[in-house]
Amino acid sequence: FPPGISLEKVIREKDGLSHPSVRVVGVGKEMTFVGTDRSLTVIRNDGKISVWNTDNSPLKYQRVPALVVRGSELWTTSRNPVSGGGTVRWDGLQWQIFEEIKDDMQSNYVSCFHVDDKNRLWLGTDDQGVNSYDFETNPFKKFGYLATKKGLIDMRVTSMGSRAGELWVGTLGGISVYRGRDGEKYLFTNYSRANGLPAETVTSLAVGPDRAYAGCSTGLMVFDGQAWKMLTPAEGLADTWVQALAMDGKNLWIGNKKGLQLYSEGRFFPPIGLADGFPSNRIQCLTVNRVGTSARIYVGTDQGLVILQSN
């Protein structure tokens, strides 16, 4: 393991996880929410595990591919191979369901959620751009949206990240950086092959104050504020297909099918995985939850959830 990193816990199906394949993790004050290929697993701080599914929640379908915790709220969605299950909010007491058309949403096919530095909620969709939850600032409008006609580079959203004043949107056609509006003008900076982005099909994003990172099928793309460059196995990346990214301060965690890697101060640490106590080398999602000087890194694999401790 890299210095200061230790294995805290592995949670498998036999321990109460609703399905081995972990797609997304969100950490709240009292609960950790784990979206899997079969239902939503809820892990309480006292260690008790329960499952929310189609029988005891408004989730329409079994697979839970995206969620986010915003304060005391959980926002999530569900899927089957064909249908999109809309968006569901749980405020700790009751559920609220949002659907396309009747609630101003562009699509029921939600691919990712993101909460920015102003606590604004963003929803990425498979092929209808980005929604924003506007009801708190405009009680006559539930959702706003960003689309190609407003400047978004592509409607097929895969991932999102942010830093002060900027929403970064990863798509199948490049990266858009949205900086708000100037009157009726939407302020976008778009990156594609035409202006230096090494690859346009983005699988994951992680954005820090000084660097932005984007995963793709051919390596790790790094933006230093001026230009993009691609890092590959030649520089120490374990595998070219970068599935998941998460920032921990200035450090970057990278998940791929050969394990979990730390990228720190321009150096790739050797990958950790099956040989180090993980249930699998195939990393599907990453979440970092920092409290004070320590952090937990939640590593979703196709065979269970790994929790690492960082001091």
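Residues numbered from 1 in each chain as written. Predicted model: local features only at pLDDT ≥ 70, side-chain atom pairs only at ≥ 80, totals over all residues. Heavy atoms only, no water.

A. Spatial organisation of the pairing of strand β27 (residues 294–301). Most of β27 is tucked away, with six of its eight residues classed as buried. Across eight bridges, the pairing between strand β26 (residues 283–291) and β27 is antiparallel. Looking across to β27, one finds that Val 291 is bridged to Ser 294. As consecutive antiparallel partners, β26 and β27 are separated by two residues, and within that stretch Gly 292 has a phi angle of approximately 65°, a positive value. Judged from the seven bridges that link them, β27 and strand β28 (residues 304–310) form a sheet pairing that is antiparallel. Its bridge partner lying in β28, Ala 295 is registered against Ser 310. Once β27 ends, the chain turns through two residues before running back antiparallel as β28. (Buried < 20%, exposed > 50% of the residue type's maximum accessible area, 1.4 Å probe, protein only. Helix = DSSP H or I, 4+ residues; strand = E, 2+ residues; numbered from the N terminus. Pairing = 2+ DSSP bridges.)

B. Broad picture of the nonpolar core. Residues Trp 253, Leu 260, Phe 278, Leu 286, Val 299 and Leu 308 are the most contacted members of the largest nonpolar core, which totals 16 residues. Secondary-structure elements contributing two or more residues to this core are β1 (5–11), β22 (244–248), β24 (259–264), β26, β27 and β28. Excluding anything up to four places from it in sequence, Val 299 contacts Leu 260, Phe 278, Ile 283, Cys 285, Leu 286, Gly 304, Leu 305, Val 306 and Leu 308. Within the second largest apolar cluster, 15 residues are counted, among which are Ile 175, Ala 199, Val 202 and Ala 214. (Core = buried A, V, L, I, M, F, W, Y, C linked by side-chain atoms within 4.5 Å. Contact = heavy atoms within 4.5 Å.)

C. Representation of the pattern of salt bridges within the structure. Taken as a whole, this structure holds 19 salt bridges when the rule is applied. Among the ionic pairs, Arg 63 bridges to Asp 37, the shortest N-O distance being 3.0 Å. Placement of the pair is Arg 63 in the loop between β5 (49–52) and β6 (67–70) and Asp 37 in the loop between β3 (31–36) and β4 (40–44), with a sequence separation of 26 residues. On the accessibility criterion, Arg 63 (29% relative accessible area) is partly exposed. The class for Asp 37 is partly exposed, based on a relative accessible area of 24%. In the salt-bridge network here, residues are joined through shared partners; they are Arg 70, Glu 73, Arg 89 and Glu 136. (Salt bridge = Lys/Arg side-chain N within 4 Å of Asp/Glu carboxyl O.)

D. Up close: the sheet that holds strand β15 (residues 166–171). With antiparallel pairing, four strands are arranged side by side in an open sheet as β14-β15-β16-β17. Strands at the two margins of the open sheet, each flanked by one partner only, are β14 (157–163) and β17 (185–191). On average, each strand axis in the sheet is inclined to that of its neighbour by 25°, with strand direction left out of account. Sheet topology note: the β14/β15 ladder contains six bridges and is antiparallel. The partner of Met 160 across the bridge, within β15, is Val 169. (Axes fitted to C-alpha atoms, helices over the stretch in contact; angles between N-to-C directions.)

E. Looking closely at the sheet that holds strand β23 (residues 251–256). If you walk across this open sheet you meet the four strands as β22-β23-β24-β25, and the pairing is antiparallel. Whereas interior strands pair on both sides, the edge strands pair on one side only; in this sheet they are β22 and β25 (267–268).

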